[in-house]
Amino acid sequence: MLKDITLGQYFPGDTVVHRLDPRTKLILVIVFIAALFLAVDWIGYAVMFAVTALCVRVSTIKLKSLLKGLKPLIFIILLTGILNLFYTKEGTVLFDWWIFTVTTGGIKRAFLMVVRIMLLICGTLLLTYTTSPIALTDGLEMLLNPLKKIKVPVHEMSMMMSMALRFIPTLIEETDKIMSAQKARGADFSTGKLTERAKALLPLLVPLFVSSFRRADELAVAMESRCYHGGEGRTRMKTLRLARRDWLAFLAGALVLGGMIVLRVYGL
């Protein structure tokens, strides 16, 4: 299960999606989320599914990688579907027992909500899969630059978010190593009741926290030894500039958002 968590990973490539400015991708992700929440019926979700499939195809990210990103969240996805299935009372009643009622409207609502969550996760995963942590930090910092006028530590916030994303795969790998070492000493994490499995995971926390604090201390020492003093006077190796492909991507995003607004107005 730990190896299935792909959040924070970056898959290098030379596709159009990889070459887009990180600011463009951040804005387009926000536009994608807004357009996705505007979808109300089959046509709207079909359009958003087609947009997501096209982005995946253009970025050449393997479907297997996206499915791995969905796998750790399968419980939340299923729970959302079940809640919408039983708590939506619209349409024809198909099944009614005690407090559980299944209607045609509930089935439709549950399916669409599951699709929405899956598309939302895939859209956000594409951002981290096709953008390096450094580029993501630079793009986020430049987008938030106006907040510096009201004394918001934009650079520090961007740096913390970037390091958090960067160290997610590292901490997952460290956890997997600790679990393997404890399994070799007779620990059992896969059998027993849920409470017993939870108790078996407690011995992982101490070495994991120790390892995390050690890595944080080493990182702080490394940054200090390189005279890191925040964003003041800091330059970038690569200057971000919007190219023609970025403006075309903005146009495509605007068309998708506009189309979803029209579909929402007409209830499609």
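Computed from a predicted structure; not experimentally measured.

Looking at the pairing of strand 1 (residues 93-97)
Argument step 1. Burial runs low along strand 1: only 0 of the 5 residues are buried.
Argument step 2. Of the strand pairs in this sheet, strand 1 and strand 2 (residues 100-103) are connected by 4 bridges, and their pairing is antiparallel. Within strand 2, the residue paired with valine 93 across the bridge is threonine 103.
Argument step 3. Linking strand 1 to strand 2, which pair antiparallel, is a turn of 2 residues; within it tryptophan 98 sits at a positive phi near 55°.

So, the side chain of asparagine 84
Argument step 1. Topologically, asparagine 84 is positioned in helix 5 (residues 74-87).
Argument step 2. Among all residues touching asparagine 84, those that are not within four sequence positions of it are Gly106, Arg109, Ala110 and Met113.

Focus on unusual backbone geometry
Argument step 1. Its identity is not glycine, yet threonine 60 carries a phi of approximately 60°, on the positive side.
Argument step 2. Assignment of secondary structure puts threonine 60 in the loop between helix 3 (42-59) and helix 4 (63-70).
Argument step 3. Given a relative accessible area of 54%, threonine 60 falls into the exposed group.
Argument step 4. Unlike most non-glycine residues, lysine 151 shows phi in positive territory, near 65°.

What to know about the packing of aromatic side chains
Argument step 1. Applying the stated rule across the entire model yields 5 aromatic pairs.
Argument step 2. Here phenylalanine 11 and tyrosine 129 contribute two aromatic rings whose centre-to-centre distance is 4.9 Å and whose plane-to-plane angle is 85°, an arrangement assigned as edge-to-face. With phenylalanine 11 in the segment before helix 1 (16-19) and tyrosine 129 in helix 6 (residues 104-129), this residue pair connects regions lying 118 residues apart in the sequence.

Here's the deal with the UniProt feature "transmembrane region" (unreviewed entry) in the chain
Argument step 1. UniProt annotation of "transmembrane region" (unreviewed entry) refers to residues 26-58, 70-87, 107-127 and 247-266 when read in the numbering used here.
Argument step 2. Measuring from the first to the last C-alpha atom of residues 26-58 gives 17 Å, for a span that is 91% helix and 0% strand.
Argument step 3. Secondary structure within residues 107-127 divides into 100% helix and 0% strand; the distance between the first and last C-alpha atoms comes to 31 Å.

Quick word on the nonpolar core
Argument step 1. Counting residues in hydrophobic clusters, the biggest one holds 12 residues: Val56, Ile61, Leu66, Leu70, Ile77, Val114, Ile117, Ile121, Cys122, Leu125, Leu126 and Tyr129.
Argument step 2. Broken down by element, the residue count for this core peaks at 7 residues, all from helix 6.
Argument step 3. The residues touching valine 56, leaving out its near neighbours within four places in the chain, are Ile61, Leu66 and Leu126.
Argument step 4. Leu36, Tyr45, Val115 and Leu119 belong to the second largest nonpolar core, which has 11 residues in total.

Parameters and conventions
- Residues numbered from 1 in each chain as written.
- Predicted model: local features only at pLDDT ≥ 70, side-chain atom pairs only at ≥ 80, totals over all residues.
- Heavy atoms only, no water.
- Buried < 20%, exposed > 50% of the residue type's maximum accessible area, 1.4 Å probe, protein only.
- Helix = DSSP H or I, 4+ residues; strand = E, 2+ residues; numbered from the N terminus.
- Pairing = 2+ DSSP bridges.
- Contact = heavy atoms within 4.5 Å.
- Phe/Tyr/Trp six-rings, centres within 6.5 Å; stacked < 30°, edge-to-face > 60°.
- UniProt positions renumbered as here; feature names shortened; annotations may be inferred.
- Core = buried A, V, L, I, M, F, W, Y, C linked by side-chain atoms within 4.5 Å.

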